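Structure assessment
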Amino acid sequence: VETDAEASAAEASADSRARWRLNTVVIDPGHGGKDPGTHAHGLKEKDIVLDVAKILGGYLEEKLGVRVVYTRTDDRFVELKDRGHIANEAGGKLFISLHVNGSEVPSVRGTETFFLGPHKTEAARKVMERENKVVRLESNPEQYASFDEEALVRYALTQSAYMRQSE
C-alpha cells in the first residue's frame, strides 16, 4: 500500500522527468545578416552554419523525434537577447549555437564544444570575447554596459545550479 508521502514523491519524480525530457531543441545558426562571422576561401561563417543547422535539425527531428526550433532560417541578423527569448518561449531543453571558427594555423582541424558558464580555459575565454563582439552590431549595444565583473559573477553563480544538467 502506497502512502501519501510516497505518492507525492512519485508524482514529483514524474514531474521532474517530464520537465527535463529532451523534447525541444533550439538550434542557433550563429551570426547572420550584417554579421558575416569569420570568412575564408570565399565562404562566410553565417552561410555555412545556416546550412549545417538545417541538416542537423532535420536529423534530430527524423532520428530522435524531437521538436526543433531555429533562431533563424534565413540570412538575417538576430540580436543576442532575441536568440535567448526564442529559446525560452519555445521551451527549449537544449540550445545549440553553431559557429565555424577560423585559425591562422593551417594544420588546425577538429571541433570545439563549449558549455554556458564560467570559461575553464584561456582559449574558451578568447572565443567568448571574439563571439561576443557582435553586440556592437545590435540596435542598442548600451544594454550590455551593466555587464560588469560583479554582474557576471552573480550570473555565473545563478547558472551554476544548472551546469550539471547542461553538461
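Structure: above.
Residues numbered from 1 in each chain as written. Predicted model: local features only at pLDDT ≥ 70, side-chain atom pairs only at ≥ 80, totals over all residues. Heavy atoms only, no water.

Here we take up the packing of aromatic side chains. Each aromatic ring pair is specified by the distance between its two centres and by the angle formed by the two planes. Here the structure, examined in full by the defined rule, presents zero aromatic pairs. Against the face of F77 rests K34, its NZ or CZ located 5.0 Å from the ring centre. (Phe/Tyr/Trp six-rings, centres within 6.5 Å; stacked < 30°, edge-to-face > 60°. Lys NZ or Arg CZ within 6 Å of the ring centre and 35° of its normal.)

Along strand β1 (residues 24–29), six of the six residues are buried, which leaves the element largely enclosed by surrounding structure. Burial of β1 is two-sided: the residues T24, V26 and D28 facing one way and the residues V25, I27 and P29 facing the other way are all buried. The sheet contact formed by β1 and strand β4 (residues 67–70) spans four bridges and is parallel. Looking at β4, one finds that V25 is bridged to V68. Judged from the five bridges that link them, β1 and strand β5 (residues 94–98) form a sheet pairing that is parallel. Note on β5: the bridge partner recorded for V25 is L94. (Buried < 20%, exposed > 50% of the residue type's maximum accessible area, 1.4 Å probe, protein only. Helix = DSSP H or I, 4+ residues; strand = E, 2+ residues; numbered from the N terminus. Pairing = 2+ DSSP bridges.)

Function cannot be inferred from these measures alone, as they are strictly geometric.
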